[in-house]
2 protein chains.
Amino acid sequence: MNIPKSNFPRIIIIGGGFAGISLAKELSKKEVQVLLLDKNNYHTFQPLLYQVSTGGLEPDSIAYPIRKVLKDYPNFFFRLANVEEVVPEKNELITNIGAINYDYLVMATGSETNFFGNKEIEKNGMVMKSIPESLNLRSLILENFEQALLTDDLHMRDALMNFVIVGGGPTGVELAGALAEIKKGILPKDYPDLDTRRVQINLVQSGDRILKEMSEKASQKAEDFLEELGVQVWKNTRVKSYDGKLATTQTKLSFEAATLVWAAGVKGAAIKGLDAEKLLIRGNRIKVNEFSQVIGHENIFAVGDVAGMELPDYPCGHPMMAQPAMQQGKNLGKNLTYLLENKPLKPFVYKDKGSMATIGRNKAVVDLDAYKFQGIFAWFVWMFVHLFFLIGFRNRMVVFINWVYNYVRFDREARLIIRPYKRDYTMFKE
Amino acid sequence: MNIPKSNFPRIIIIGGGFAGISLAKELSKKEVQVLLLDKNNYHTFQPLLYQVSTGGLEPDSIAYPIRKVLKDYPNFFFRLANVEEVVPEKNELITNIGAINYDYLVMATGSETNFFGNKEIEKNGMVMKSIPESLNLRSLILENFEQALLTDDLHMRDALMNFVIVGGGPTGVELAGALAEIKKGILPKDYPDLDTRRVQINLVQSGDRILKEMSEKASQKAEDFLEELGVQVWKNTRVKSYDGKLATTQTKLSFEAATLVWAAGVKGAAIKGLDAEKLLIRGNRIKVNEFSQVIGHENIFAVGDVAGMELPDYPCGHPMMAQPAMQQGKNLGKNLTYLLENKPLKPFVYKDKGSMATIGRNKAVVDLDAYKFQGIFAWFVWMFVHLFFLIGFRNRMVVFINWVYNYVRFDREARLIIRPYKRDYTMFKE
């Protein structure tokens, strides 16, 4: 890889997510050479992916060109690359575009869907961790309805209009709520020749409450909101198998559905090459100390979802969310500077600013430290916070316009099958 | 296909482009049953596809759900389908979702890229007639620059940064201008480690002037604008072959380029099954009379690009553009009503409202009947007209926001490789 030689130490950051970008920004004016690698040329604002899937937002408005983030930083380089392996003994990274040496390495690779070893669900289920995946889900949802119009078999039609969402975290809850609003506001107009009252939205949660990272109050209210919208919430239920048609659970409950969305787990996207067995904690996260330093590797760091910083308050590491990732990125930026200046490092302390989820129009739940609230005010707070954290003025404007439009018109105009998902429906015809 | 029986006559419209949508709108309140078929579930605003390719607009803002257009019309149905054949003797249409009968059939299938039989260019060239194609081109342009960073071979790097656009019509001119602006405003910031001054944009035109459908003045000014922007315009030049690396012409001129965009011709997208030899005129358009009626078929009509209405003023049919398509759709809507009421039909008379093309920031050319002008005022007129004809308030707002942003910031933020095009670059490494 032809990165110019420099007198500054070279820091390689793998991943342009929340952690990687916030670290890069912190390093922008320092005497370092930074190489940022990512498999995409854009940063993805993951919290809004479900709105891309449900036609409320266009993909381009929640993506931001990484090169644009870096353009004013001297000594910053970006390369579109897949990282294959770290060779710590040689301070070398092996990628699909060649090997490259680092002085310091930061893994900010984020997380990936965790199917907990279930290959069948991995093959037949839909996920929503990236923009292409979210667009595939958008296409599939719309294709199901187009397909439902073509059959006289009511059994098949019901299966095509049955949505199973596995996982009662924010992603599952937000997707279920959005689908319920589409069922109510859009489907009857778009498909007057279908009985769209028969559309079913099932949210399946293994634990005894949804949004289990939030307060009891938030969980309860979110469930009430979902039920108001017509979502069926199945608690204490685990999906065991899904062959593309039938989803079974550990109870007698099963679903015949053309769409199963797996939002039931993520795991750290750790890279090959570190002394893995010893270093990985639960959730496939890399064990780091309170300075984000990978245990046993002085010049290798991990931040964000992939970092497993086990602290007394967070025995399994911090929540795999944007906030800890951004804060860790920022903290590491400072620490790398201290390290270069031979100053003592500052341990990372997570400031939990609270959490929130939106269920639908005027329906959100917000947990702040001092104050927990639900409903329309929570919904405005949710929107404001998400707009605030979106990168880029244009993206904010476009998202804002879409939200105002969708709110006023009870609409979602991006219901477009731009790249058909082309799932095989033959099994429903048997 | 399970469309409910009705006492009204059934009109099938194939294609939700400018002609099909304008016809559907005209029929909205009539006593007819309308089935609209399209291979996409959205209408595409083709005049702005080049802005999707060049990162200025998101695809969703120039697409509009067809179901939403039809939602307030009683007795209107939409099906996502590919039409395979017309069987006029049975009044039947054969599609991938089954056969269906019509009382009246309207072909509004538009046009497709015309490679004039050159299979090699068809295989290796890029086109820009649909949203997925435009997104492929967007990805390829960006991937070329990412790839250029990875090679030390200056020869290869030049080829990766060499763009050949074949065809000096509005599409070619507008794409060339947009690329030139990217070269000037965005590439130096995004790729500080590439000598982007070496980027070449070649516009190849077979005739002796570009924009040959417009006035001499417009052609000349457009050429001046392009040259000001650094585009090389090659007139009287025909591209003969392109193997993915080398484009040859009928002269000694050749280009080594990773990207060749073929915008040199379109032809009617006629459907199999009519008495083709007799009915097709030059450009693969279906011969129709002045009522858009296909010659020899009383209940079959064609409107828009696919219709070849040979009139004294338009011996080869009307220009394959949005304006004639919309006007023909509207005229046919009225005529179908007259036909059902046994009233005399009204011949189609094209009102040429003029034509225009934009080359770049403050640079456009406009030909109106009475008045021809170029420059900044033309550019504002161009933008206003395009916003006006975009379908949907949300689309207009989003496009407007993007344009204001792009203008003020000299930027195009949708430079995102969302679905990599993944072209094979190995031939450049030999």
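Keep in mind that what you see is a predicted model, and the values were worked out from it rather than measured. (Residues numbered from 1 in each chain as written. Chains lettered and ligands numbered in written order. Predicted model: local features only at pLDDT ≥ 70, side-chain atom pairs only at ≥ 80, totals over all residues. Heavy atoms only, no water.)

## Notes on the sheet that holds strand 6 (residues 83–87) of chain B
Each strand in a sheet pairs with another by means of backbone hydrogen bonds, the pair being arranged parallel or else antiparallel. Residue and element names in this part refer to chain B. Let me state the cut-off plainly: In this scheme, strands are said to pair when DSSP sees at least two bridges between them. Secondary structure elements follow DSSP: runs of H or I no shorter than four residues count as helices, runs of E no shorter than two count as strands, and numbering proceeds from the N terminus. Where helices are involved, their axes are fitted lines through C-alpha atoms of the stretch in contact, as for all axes, and angles between N-to-C directions lie from 0 to 180°.
Here three strands make up an open sheet; going across it, the order is 6-7-8 and the pairing antiparallel. In this open sheet, the two strands that pair with only one neighbour each are strand 6 and strand 8 (98–101). Recorded for the sheet is a direction-independent mean angle of 20 degrees between the axes of neighbouring strands. Bridging between strand 6 and strand 7 (residues 92–95) involves four bridges; their strand directions are antiparallel. Looking across to strand 7, one finds that Val 86 is bridged to Leu 93.

## Comments concerning the packing of aromatic side chains
All names here are of chain A. Put simply, the test is: When the centres of two rings from Phe, Tyr and Trp lie within 6.5 Å, Trp using its six-membered ring, the rings pair. Their planes under 30 degrees apart give stacked, over 60 give edge-to-face, and anything left gives tilted. Burial classes follow relative accessibility: with a 1.4 Å probe on protein chains only, a residue under 20% of its type's maximum area counts as buried, one over 50% as exposed, and anything between as partly exposed. Only when the NZ atom of a Lys or the CZ atom of an Arg is both within 6 Å of the ring centre and within 35 degrees of the ring normal do we say a charge sits over the ring.
Per the counting criterion, the structure on display carries 30 aromatic pairs over all chains. Here Trp 382 and Trp 403 contribute two aromatic rings whose centre-to-centre distance is 5.6 Å and whose plane-to-plane angle is 40 degrees, an arrangement assigned as tilted. Residue Trp 382 is located in helix 12 (residues 376–389), and its partner Trp 403 is located in helix 13 (residues 393–409); the two are separated by 21 residues in the primary sequence. With respect to class, Trp 382 is no different from Trp 403; both count as buried. Over the face of the ring belonging to Phe 410 we find Arg 361, whose NZ or CZ atom lies 3.5 Å from the ring centre.

## What about the pattern of salt bridges?
Filter applied, for reference: Any Lys or Arg side-chain nitrogen found within 4 Å of a carboxyl oxygen on Asp or Glu counts as a salt bridge.
Tallied over the entire structure, the rule returns 39 salt bridges over all chains. Across the pair Arg394(A) and Glu58(B) runs a salt bridge whose closest N-O atoms are separated by 3.2 Å. With Arg394(A) in helix 13 and Glu58(B) in the loop between helix 2 (49–53) and strand 4 (63–65), this residue pair bridges two chains. Judged by its relative accessible area of 1%, Arg394(A) falls in the buried class.

## Remarks on unusual backbone geometry
All names here are of chain A. A positive phi angle, near 70 degrees, is found at Ser 292, a position not held by glycine. Structurally, Ser 292 is set in the loop between strand 20 (285–288) and strand 21 (300–302). Relative accessible area serves as the criterion here: at 0%, Ser 292 is assigned to the buried category.

## So, the environment of Val87(B)
Residue and element names in this part refer to chain B. What counts is decided by this rule: Any two residues whose heavy atoms approach within 4.5 Å at even a single point are treated as in contact.
Among the structural elements, Val 87 can be located in strand 6. Residue Val 87 is classed as buried on the basis of its relative accessible area of 11%. Spatially, the C-alpha atoms of Val 87 and Pro 344 are 27 Å apart, while their sequence positions differ by 257 residues. Those residues in contact with Val 87 that lie beyond four places of it in its chain are Glu 92, Ile 94 and Tyr 102.

## As for the side chain of Lys363(B)
The residue Lys363(B) is located in strand 24 (residues 363–367) in this model. If we skip the residues at most four places from it in the chain, Lys363(B) touches Phe225(B), Glu228(B), Leu229(B), Thr358(B), Gly375(B) and Trp379(B).

## Describing the side chain of Asp38(B)
Residue and element names in this part refer to chain B. The line we're drawing: All tallies of charge rest on Lys and Arg as positive and Asp and Glu as negative; His and the ends of each chain are not included. Between N or O atoms, a polar contact is any pair within 3.5 Å; within protein, one atom must be a potential hydrogen donor and the other a potential acceptor, and residues adjacent in sequence are included only when both atoms are from side chains.
As for its position among the elements, Asp 38 is in strand 2 (residues 33–38). No salt bridge is formed by the buried Asp 38, whose closest oppositely charged neighbour, Lys 39, lies at an N-O distance of 5.6 Å. Only 2.7 Å separates the side chain of Asp 38 from the backbone nitrogen of Asn 40, close enough to count as a polar contact. Beyond its immediate chain neighbours, meaning those up to four positions away, Asp 38 contacts Gly 15, Gly 16, Gly 17, Ile 66, Phe 78, Arg 79, Leu 80 and Ala 81.

## Here's the deal with the sheet that holds strand 11 (residues 162–166) of chain A
All names here are of chain A. The parallel open sheet is built from four strands, whose spatial order is 13-12-11-17. Each of the sheet's edge strands pairs with one partner strand only, and the pair in question is strand 13 (232–234) and strand 17 (259–262). Sheet twist, expressed as the mean angle between neighbouring strand axes with direction ignored, is 20 degrees. Bridge count between strand 11 and strand 17: four bridges; the pairing is parallel. Within the sheet, the bridge partner assigned to Val 166 lies in strand 17 and is Trp 262. Contacting strand 11, strand 12 (200–204) and strand 17, helix 7 (residues 170–185) crosses the sheet at an angle of about 170 degrees to strand 12.

## Structural notes on the interface of chain A and chain B
Where we set the bar: The buried area of a pairing is the accessible area, by a 1.4 Å probe, that goes missing from both parts when the two are put together, added over both. Basically, the charged four are Asp, Glu, Lys and Arg, the nonpolar ten are Ala, Val, Leu, Ile, Met, Phe, Trp, Tyr, Cys and Pro, and anything else, Gly included, counts as polar.
Every contact between the two is made by 52 residues of chain A and, on the other side, 52 residues of chain B. For the pairing of chain A and chain B, the buried interface totals around 5,000 Å² over both sides, and the portion due to carbon and sulfur atoms is 55%. Sorting the residues of chain A by area buried against chain B places Arg67(A), Arg394(A) and Arg419(A) first, and these three jointly supply 16% of that buried surface. Applying the counting rule to chain A against chain B returns 14 salt bridges. Of the charged contacts, one joins Asp411(B) and Lys68(A) as a salt bridge, the two residues approaching to 2.1 Å between their closest N and O atoms. At the boundary of chain A with chain B, the tally comes to 30 residue pairs in polar contact (both at pLDDT 80 or more). Elements supplying a minimum of two residues to the side of chain A that touches chain B: strand 4 (63–65), helix 3 (66–70), strand 5 (76–80), helix 5 (131–148), helix 8 (187–190) and helix 13 of chain A. By residue class, the composition of the side of chain A that touches chain B is 26 nonpolar, seven polar and 19 charged.

## What to know about the packing of helix 1 (residues 18–27) of chain B against helix 11 (residues 322–340) of chain B
All names here are of chain B. Going by this rule: Left-handed is the label given to a crossing in which the near helix is rotated counterclockwise from the far helix by less than a right angle, and right-handed is the label when the rotation is clockwise.
Relative orientation of the contacting elements helix 1 and helix 11 amounts to 30 degrees, with a least axis distance of 7 Å. Pair helix 1 / helix 11 crosses with right-handed handedness. Contacts between helix 1 and helix 11 pair Phe 18, Ala 19, Ser 22, Leu 23, Glu 26 and Leu 27 from the former with Ala 322, Ala 325, Met 326, Gly 329, Lys 330, Leu 332, Gly 333, Lys 334, Leu 336 and Thr 337 from the latter. Broken down by class, the residue content of the contact of helix 1 with helix 11 amounts to nine nonpolar, four polar and three charged.

## Looking at the domain arrangement of chain A
All names here are of chain A. The condition is simple: Domain start and end points were adopted from an automatic or database domain assignment.
Domain assignment breaks chain A into domain 1 (10–113 + 266–340) and domain 2 (119–264 + 355–429). Computed over C-alpha atoms only, the centres of domain 1 and domain 2 are separated by 29 Å. Contacts between domain 1 and domain 2 engage 31 residues on the former and 36 residues on the latter. Surface buried jointly by domain 1 and domain 2 totals about 2,800 Å² across both partners, of which 65% is contributed by carbon and sulfur atoms. Where domain 1 packs against domain 2, one counts zero salt bridges. The tally of links between domain 1 and domain 2 comes to 13 residue pairs in polar contact (both at pLDDT 80 or more). Looking at the side of domain 1 that touches domain 2 residue by residue, the classes come out as 16 nonpolar, twelve polar and three charged.

## A closer look at the environment of Gly207(B)
Residues and elements named next belong to chain B. Turning to its location among the elements, Gly 207 is positioned in the loop between strand 12 (200–204) and helix 9 (216–228). Residues Gly 207 and Gln 46, 161 residues apart in the sequence, show an inter-C-alpha distance of 24 Å. In contact with Gly 207, not counting residues within four places along its chain, are Lys 235 and Asn 236.

## Thoughts on the packing of helix 13 of chain A against helix 13 (residues 393–409) of chain B
We apply this condition: Oblique is the label for every angle not falling under 35 degrees (roughly parallel), over 145 degrees (roughly antiparallel), or within 65 to 115 degrees (roughly perpendicular).
Viewed as axis vectors pointing N to C, helix 13 of chain A and helix 13 of chain B meet at an angle of 165 degrees, and their least axial separation amounts to 10 Å. By the angle class used here, helix 13 of chain A and helix 13 of chain B are roughly antiparallel. Crossing of helix 13 of chain A over helix 13 of chain B shows right-handed handedness. Of helix 13 of chain B, the residues touching helix 13 of chain A (which contributes Phe393(A), Arg394(A), Met397(A), Val398(A), Ile401(A), Asn402(A) and Tyr405(A)) are Phe393(B), Arg394(B), Met397(B), Val398(B), Ile401(B), Asn402(B) and Tyr405(B). Counted by class, the contact of helix 13 of chain A with helix 13 of chain B contains ten nonpolar, two polar and two charged residues.

## Considering the UniProt feature "transmembrane region" (unreviewed entry) in chain A
Worth spelling out the cut-off: UniProt positions are given in the numbering used here, feature names are shortened, and annotations may be inferred rather than shown by experiment.
This chain's UniProt record puts "transmembrane region" (unreviewed entry) on residues 376–393 of chain A. Here residues 376–393 of chain A is 83% helix and 0% strand, with 25 Å between the C-alpha atoms at its ends.

## Side note on the relation of the copies chain A and chain B
Note the cut-off: In superposing the copies, a least-squares fit is computed on C-alpha atoms, taking residues whose pLDDT is at least 70 in both.
Rotating chain A by 180 degrees and moving it 0.0 Å along the rotation axis overlays it on chain B with an RMSD of 0.0 Å. Both copies of the chain, as the preceding transformation shows, are related through a two-fold rotation axis. Of the C-alpha atoms belonging to chain A, the one lying closest to the rotation axis is found on Val398(A), 3.0 Å away.

## Re the pairing of strand 8 of chain B
All names here are of chain B. Bridging between strand 7 and strand 8 involves four bridges; their strand directions are antiparallel. Residue pairing in the sheet places Glu 92 in a bridge with Asn 101 of strand 8. Between the end of strand 7 and the start of strand 8, which pair antiparallel, lie two residues.

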